[in-house]
Amino acid sequence: MAQPLLTLDFLDKAAPTAEATPSGDVRVTAATRTGRQRKLYIESYGCQMNFSDSEIVTSILFDEGFDTTDDLANADLVLLNTCSIREKAEQTVRMRLKQINSHKKRKPGMLVGVLGCMAERLKSKFLEEEKIVDLVVGPDAYRDLPGLISQVDGGQKGVNVLLSREETYADITPVRLNSNGVMAFISIMRGCDNMCSFCVVPFTRGRERSRDAHSIIQEASALVAAGYREVTLLGQNVDSYKWASADGLEHVNFAQLLERVALISPELRVRFSTSHPKDITDEVLHTMARHHNICKYIHLPAQSGNSRVLALMNRTYDRPWYEERVRAIRRILGEDCAISTDMIAGFCSETEEEHQDSLSLLDLVQYDMAYNFFYSERPGTLAARKLEDDIPLETKKRRLQEIIDLQQLHARARYARMVGRVHQVLVEGPSKRSAEHLSGRNDQNQVVIFPKGNARKGDYVNVLATSTTGAALLGEMV
Ligand code: SAH
Ligand code: SF4
Ligand code: F3S
């Protein structure tokens with residue numbers, strides 16, 4: 001996953017619908033040629049929300065007369081949209097800055113800016129630590145980019161890391177440069193008000209705020225009109241989406257928003273991420289059940305299968321609560337609804353038995369997919385201040401590997417049970433393996449590959465799954 005992703009490159013991967021995109025994944029914005037003079041090169045790290053923000057940044061800079069390039073050597077402005085979620089994510093960016101430094105030596109006029117979570121976490125300290133950086137801009141300050149760039153053009157450094165309680169960039173139409181023209185992501189909220197003890201996000205993204213429901217519907221409708229067939233509604237905790245009109249007459253919660261988006265067109269698939277186990281309601285599950293075009297896939301990160309560890313993590317639910325939410329999903333949406341999770345191995349003071357509880361949760365839920373990490377202490381978080389990071393690295397890695405190995409069996413089994421059935425697949429484009437095959441996904445977000453016939457990108461086709469690789473279904477159109 002470490003190589004740059006260009007426009008259609010991610011197609012065959014069973015990628016998360018949104019934010020658990022493992023850091024280390026990096027996406028380079030594709031080139032556009034509008035004949036403008038200044039070239040912007042932007043690389044995005046971390047979660048889907050960051051990738052979405054890069055589309056907003058590009059939109060703001062388009063209005064300032066920038067063009068995008070995918071050739072770093074050719075860039076006048078290089079922006080790295082960064083992630084702080086784990087230490088490794090930050091190391092990756094620092095290494096990248098060193099490489100960019102050698103380009104800058106060859107092209108001294110090149111400006112280098114750091115955006116996103118690392119910018120927010122380190123603030124102006126970045127300018128001292130990494131001398132080549134000219135600009136440091138936090139996630140809520142992107143409207144200030146044009147002003148900051150002129151400041152840098154004038155010979156100064158530019159820094160704005162102010163967090164906002166209101167900014168949602170609701171009025172900015174993202175420039176969808178890395179899209180395949182079929183699927184798009186829509187940010188419905190920003191920030192996070194939870195305080196999971198391991199997590200840096202509340203510090204880097206600020207307070208939770210929900211975007212104007214009308215602007216979300218408008219954006220989704222415009223995507224449908226432009227031929228898009230799938231939208232993913234994004235937020236750190238979508239279930240706590242809550243918007244009220246200025247006159248206080250209209251209130252929209254997440255279930256209602258989901259329904260409104262689903263009603264835009266029966267041809268539009270709707271996905272969302274991330275659901276927090278403490279907040280996901282039966283109302284959301286019933287809304288999913290009522291609308292065939294809301295995909296039956298829920299990313300419901302557990303983090304641990306042990307109640308004591310969950311309490312230390314400040315997740316505000318325990319194992320019985322999580323199990324009950326899974327039963328509700330099965331009751332309302334059936335066995336076919338896909339469920340995925342994020343797991344952290346080796347959190348502070350986790351015992352061997354408690355780690356076994358995480359494994360037993362995997363067995364119980366039978367996840368379709370899991371994004372697994374070993375614990376990485378982040379400065380300033382509750383855990384860093386109050387708990388000792390006392391699990392040796394080898395133990396963390398061993399526990400992580402056990403989680404990964406077990407989960408792989410379950411993912412295979414979830415794929416295997418889909419063989420012999422007909423799936424509605426939204427075609428995303430050519431398969432990476434062969435030009436004669438197309439790749440798409442079923443409702444459950446499983447990858448489906450089949451001979452291309454007359455189908456085209458953006459079509460819905462019915463595919464009979466005849467076998468599985470364990471990470472994709474292979475089949476034929478029927
Ligand atoms: N809002 C989402 C998570 C966003 S961060 C949620 O509440 O589930 C994505 C994932 O990164 C988390 O679910 C968690 O599993 C992992 N993560 C976050 N902080 C981490 C840390 N300090 N060490 C290891 N993994 C971490
Ligand atoms: Fe981090 Fe928890 Fe918020 Fe998710 S819900 S972003 S893990 S603080
Ligand atoms: Fe996302 Fe990484 Fe920030 S996961 S919110 S870019 S810390």
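Residues numbered from 1 in each chain as written. Chains lettered and ligands numbered in written order. Predicted model: local features only at pLDDT ≥ 70, side-chain atom pairs only at ≥ 80, totals over all residues. Heavy atoms only, no water.

Peer 1: Any chance you could explain the site of ligand 3 here in plain terms?
Peer 2: Around ligand 3, the surrounding shell consists of Cys-47, Asn-50, Thr-82, Cys-83, Ser-84, Ile-85, Cys-117, Val-201, Arg-205 and Gln-236. Among the residues forming the shell around ligand 3, the class breakdown is five nonpolar, four polar and one charged. Viewed by domain, the shell around ligand 3 spans two of them, domain 1 (26-160) and domain 2 (183-416), each represented by three or more residues. (Near = heavy atom within 4 Å. Nonpolar A, V, L, I, M, F, W, Y, C, P; charged D, E, K, R; others polar. Domains from an automatic or database assignment.)

Peer 1: Before we go on, may I ask you to explain the sheet that holds strand β11 (residues 230-234) in this structure?
Peer 2: Sheets are built from strands that pair by backbone hydrogen bonding, the pairs being arranged parallel or antiparallel. Pairing in this open sheet of three strands is parallel, and the strands run β8-β11-β14 from one edge to the other. Every interior strand has two partners, whereas the edge strands, β8 (183-187) and β14 (269-273), have only one. Neighbour-to-neighbour, the strand axes of the sheet open up by a mean angle of 25 degrees, direction not taken into account. Bridge count between β11 and β14: five bridges; the pairing is parallel. Paired with Leu-234 across the two strands is Ser-273, which belongs to β14. (Pairing = 2+ DSSP bridges. Helix = DSSP H or I, 4+ residues; strand = E, 2+ residues; numbered from the N terminus. Axes fitted to C-alpha atoms, helices over the stretch in contact; angles between N-to-C directions.)

Peer 1: Before we go on, may I ask you to explain the sheet that holds strand β20 (residues 447-451) in this structure?
Peer 2: The five strands are arranged β18-β19-β20-β22-β21 in a closed barrel whose pairing can be described as mixed. Put simply, the sheet's adjacent strands are angled 50 degrees from each other on average, direction ignored. Note: strand β19 (residues 437-441) against β20, five bridges, orientation antiparallel. Residue His-437 lies in a different strand from β20, and its bridge partner there is Pro-451.

Peer 1: Could you clarify how one ought to interpret the site of ligand 1 in this entry?
Peer 2: Among the 16 residues in the neighbourhood of ligand 1, the closest are listed as Phe-198, Gln-236, Gln-303, Asp-342 and Ser-376. A distance of 2.7 Å separates an oxygen atom of ligand 1 from a polar side-chain atom of Gln-303. Contact between ligand 1 and Arg-315: an oxygen atom at 3.1 Å from a side-chain N or O atom of the residue. Taken by itself ligand 1 offers 550 Å² of open surface, and the protein chains cover 94% of this. Every element with two or more residues in the shell around ligand 1 is listed here: β16 (338-345) and β17 (369-374). A class-by-class count of the residues in the shell around ligand 1 yields seven nonpolar, four polar and five charged. (Polar contact = N/O pair within 3.5 Å; in protein donor to acceptor, adjacent residues only side chain to side chain. Areas by Shrake-Rupley, 256 points an atom, 1.4 Å probe, with all protein chains shown as cover.)

Peer 1: Would you mind showing me how to read the UniProt feature "domain: MTTase N-terminal" (unreviewed entry) in the protein here?
Peer 2: The positions UniProt marks with the feature "domain: MTTase N-terminal" (unreviewed entry) are residues 38-154. Secondary structure across residues 38-154 divides into 48% helix and 21% strand, with the first and last C-alpha atoms of the span separated by 16 Å. (UniProt positions renumbered as here; feature names shortened; annotations may be inferred.)

Peer 1: Can you help me understand the UniProt feature "binding site: [4Fe-4S] cluster 2" (unreviewed entry) in the protein in this one?
Peer 2: The UniProt record marks Cys-192, Cys-196 and Cys-199 with the feature "binding site: [4Fe-4S] cluster 2" (unreviewed entry), using the residue numbering of this structure. Structurally, Cys-192 can be placed in the loop between β9 (189-190) and α6 (201-205). For Cys-192, a relative accessible area of 11% gives the class buried. Apart from residues lying up to four places away in sequence, Cys-192 is in contact with Val-201, Pro-202, Gly-206, Arg-207, Glu-208 and Gln-236. (Buried < 20%, exposed > 50% of the residue type's maximum accessible area, 1.4 Å probe, protein only. Contact = heavy atoms within 4.5 Å.)

Peer 1: Explanation requested: the domain arrangement of the protein in the structure shown.
Peer 2: The extent of an interface is frequently quoted as the accessible surface area lost upon association of the parts. As assigned here, the protein comprises domain 1 (26-160), domain 2 (183-416) and domain 3 (422-477). Of note, the centres of domain 2 and domain 3, computed from C-alpha atoms alone, are 26 Å apart. On the domain 3 side, the residues contacting the 19 residues of domain 2 number 19 residues. In this structure, the connection of domain 2 to domain 3 is made through zero salt bridges. Counting the contacts that link domain 2 with domain 3 gives ten residue pairs in polar contact (both at pLDDT 80 or more). Elements with a contribution of two residues or more to the side of domain 2 that touches domain 3: β14 and α14 (393-416). Per-element tally for the side of domain 2 that touches domain 3: the top contributor is α14, with five residues. (Salt bridge = Lys/Arg side-chain N within 4 Å of Asp/Glu carboxyl O.)

Peer 1: Would you take a moment to explain the environment of Pro-108 for this structure?
Peer 2: Along the polypeptide, Pro-108 turns up in the loop between α2 (87-106) and β5 (111-115). The spacing of Pro-108 and Gln-366 is 258 residues in sequence and 54 Å in space, taken between C-alpha atoms.

Peer 1: How should the nonpolar core be read in this particular structure?
Peer 2: If you look at the biggest cluster of nonpolar residues, it comprises 66 residues, and the most contacted ones within it are Ile-188, Leu-233, Tyr-241, Phe-254, Leu-257, Val-261 and Ile-298. Ignoring sequence-local partners within four residues, the contact set of Phe-254 consists of Ile-188, Leu-233, Val-238, Asp-239, Tyr-241, Phe-272 and Val-284. Core analysis: the second largest hydrophobic core is formed by 25 residues, Val-28, Ala-119, Val-133 and Val-161 among them. (Core = buried A, V, L, I, M, F, W, Y, C linked by side-chain atoms within 4.5 Å.)

Peer 1: When you look at the pairing of strand β4 (residues 77-82) in this model, what are you seeing that I'm missing?
Peer 2: Looking along a regular strand, one sees the side chains alternate between the two faces of the sheet. The buried count for β4 comes to six of six residues, which makes it a mostly enclosed element. Covered by surrounding structure in β4 are Leu-77, Leu-79 and Asn-81 together with Val-78, Leu-80 and Thr-82, the residues of both alternating faces. As paired elements, strand β2 (residues 38-45) and β4 share five bridges and run parallel to each other. Bridge assignment links Ser-44 to a residue of β4, and that residue is Asn-81.

Peer 1: I keep staring at the packing of aromatic side chains and nothing clicks. Help me out?
Peer 2: Working definition: an aromatic ring pair is given by the centre-to-centre distance plus the angle between the planes. Following the criterion strictly, the structure yields five aromatic pairs and no others. Summarising the aromatic geometry, the rings of Tyr-142 and Tyr-169 are spaced 6.0 Å apart at their centres and angled 20 degrees between planes, so their arrangement reads as stacked. Here the residue Tyr-142 occupies a position in the loop between β6 (135-137) and α5 (145-153), and Tyr-169 occupies one in the loop between β7 (158-160) and β8, the gap between them amounting to 27 residues. Overall, Tyr-169 belongs to the buried group, its relative accessible area being 1%. (Phe/Tyr/Trp six-rings, centres within 6.5 Å; stacked < 30°, edge-to-face > 60°.)

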